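# Summary of structural features
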Amino acid sequence: MRNGLKPDLIERVLGGKPKYTLSELEEKFPPRDLPDGAFVTRFAPSPTGFMHIGGLYQVLINSKLAQQSHGVFMLRIEDTDTKREVKDAVRIIVDSLAQFGLQYNNDEKYGPYYQSQRRDIYHSVAADLLARGLAYPCFLTAADMEEIRAKQSAAGFPTGIYGEFARDRDLTDDEIIAHLDKGEIPSIRLYSTGNPNQRIFCKDAVRGSISFPENNEDLVLIKSNDGLPTYHFAHLCDDHFMRTTHVVRGAEWLSSLPLHYQLFRMMGWTPPQYIHTSTLDTIDADTGKQRKLSKRHDPEANVANLLASGWPVAAVLEYLFNIIASGYEEAKLKGAVKNIWEYEFRPKKIPMSGALFDMKKLEWWAKENIATMSVSDLVNNVVAWAQKYGESMHIAQVKDVDYLTRVLSIERDNPKRIRKDFITWRQTLSEVAYFWDEFFTPNRDFEFNRDLLNEFLSTFNINDDKDTWWNKIVAIANTAGVKNGDVAMNLRVAITGRTNTPDLYSIMQVMGEKRVLSRVQGALK
Ligand code: GLU
């Protein structure tokens, strides 16, 4: 500890009088009135203009923990790095959450939820630390720090501002005033009393207790260039005053845990429970090795791409949730739960090392999801996707919603035999494109049996029921001395261009007489 600064010097150092005392802040943001055991969680993205699938994974953990404990899930925008700020970045985050139906509850009482608007809070807490000699103004310039770093490297010392290298940690009031009089603007640094030869025990709610060397770095709490806090200091103030109970964040923050414990201890506050999640990985196509999903190499790492390709959002969530809660798949298949919101998971189950995000697995969830959806939901999803992301073909396909509905209704009436060939909204539309004349591709490779097709034309009646229709096909086969399946195959290929389709009778019924006749005639040409 050093001497604390007097209020008037604190005011000069911070460039203004702190707005609140600590007790005023405690009163302004009282403990939340929630049932016992309720989790208060948050997703705290830095607005970088990109929503990574790993971010969505964290949102899901956070919102599920809050939902199943009758707690609160917040969205906090960590926009203190003004250099990195990207236009529209917040909209991308908010939109993605909305599209996945993941709701947050930003109760005004605990706001604002943009860190850039919480400056008064950070400065008030910093004032308290300055007054107690646990923080100090530091006037080191970038050039000074470069020099220190070079010296440390040359001597084989760890780099950073600590101990004897922290030039300004013990400045007297007069020395501080002299700097300020020259117009220098300080950063506020932690006055660290940690001893790296001693260890501090920190707890991760899933990983258990982990010991680290104590932190001795005088880390920056408030930056000099814009007066905004660093992540470490903002996290301390925000998660305390927002009354966060559980901080779910990426494993890259694990090494900061001793610092965060140190900060909470200095304030006399109880730290939240921490859960450091693992990365979402993929198997690298070139090396065959497991590695982190990367924004640059893996399109699926970008949530926006998953949406643009038309992956059903519920399937993406179910798959991510099954990574978090491995018992979910079984419970769902047994019919014990209908969706992720009904399944209670234990945080201890969250995987702690490289979880695989496998597109093949996602496909399985997508097929299941679409197969168990009502026709009207299916149609609504496809239409909404086409209108937002579709190309001209998709837009044309969803113009006549009636026809589209009949097309998509095929093989969905028998719950035991629902077709499972739809995966994404885009692929669904491509899969049924042959129902539209302008997107139908005649099969030029197939060798049609002209006699069978001619026979079909002479007896075809669109009003035949299924049995009558089939009996006619059997009769054609018998007369020609071929198998029933041969007749059906000739018709199938003539009408759809494909050798593999759902129920042919239903297809003809949906297409209607004119289209069926013209396709068969086309094949005969
Ligand atoms: N803004 C930090 C990040 O994006 C938040 C970490 C946290 O959740 O505390 O990594």
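Our subject in this report is the structure included herewith. Throughout, residues of each chain are indexed from 1 in the direction in which the sequence is written. For this predicted model, a pLDDT threshold of at least 70 governs which residues receive local features, and a threshold of 80 or more governs which side-chain atom pairs are given and counted, while totals over whole chains, interfaces and linings are taken from all residues. Excluded from the side-chain calculation are hydrogens and water; included are all heavy atoms of the structure.

### Observations regarding the pattern of salt bridges
Stated formally: Criterion for a salt bridge: a side-chain nitrogen of Lys or Arg within 4 Å of a carboxyl oxygen of Asp or Glu. Relative accessibility thresholds used throughout: buried, under 20% of the residue-type maximum; exposed, over 50%; partly exposed, between the two (1.4 Å probe, protein chains only).
As enumerated under the stated definition, the model contains 32 salt bridges in all. For R91, the salt bridge is made with D88, and the minimal N-O distance between the two is 3.3 Å. The class for R91 is partly exposed, based on a relative accessible area of 44%. Using a relative accessible area of 38% as the deciding quantity, one classes D88 as partly exposed. Of the charged contacts, one joins R169 and D218 as a salt bridge, the two residues approaching to 2.9 Å between their closest N and O atoms.

### Overview of the pairing of strand β10 (residues 280-283)
Definition in use: Pairing between strands is defined by DSSP: at least two bridges between them are needed. Helix and strand labels come from DSSP, where a helix needs a run of H or I of at least four residues and a strand needs a run of E of at least two; each type is numbered from the N terminus.
Relative to strand β12 (residues 355-356), β10 is paired through two bridges, and the arrangement is parallel. Bridge pairing in β12 links L280 to A355. Of the strand pairs in this sheet, β10 and strand β11 (residues 290-292) are connected by three bridges, and their pairing is antiparallel. Within the sheet, the bridge partner assigned to D281 lies in β11 and is K292.

### Let's talk about the site of the ligand
Operational definition: Throughout, the term near means that a residue has one or more heavy atoms lying within 4 Å of the molecule or strand in question. Under the rule applied, a polar contact is a pair of N or O atoms within 3.5 Å (in protein, one hydrogen donor and one hydrogen acceptor; residues adjacent in sequence only if both atoms are side-chain atoms). With residues, only the protein chains shown are counted as cover, and all accessible areas are computed by Shrake-Rupley using a 1.4 Å probe.
Inspection of the region around the ligand gives R42, A44, S46, E78, Y231, V248, R249 and W253 as its neighbouring residues. In the environment of the ligand, a nitrogen atom lies 3.1 Å from a nitrogen or oxygen atom belonging to the side chain of S46. The side chain of W253 places a nitrogen or oxygen atom 3.0 Å from an oxygen atom of the ligand. Notes on the ligand: free accessible area 300 Å², of which the protein chains cover 82%.

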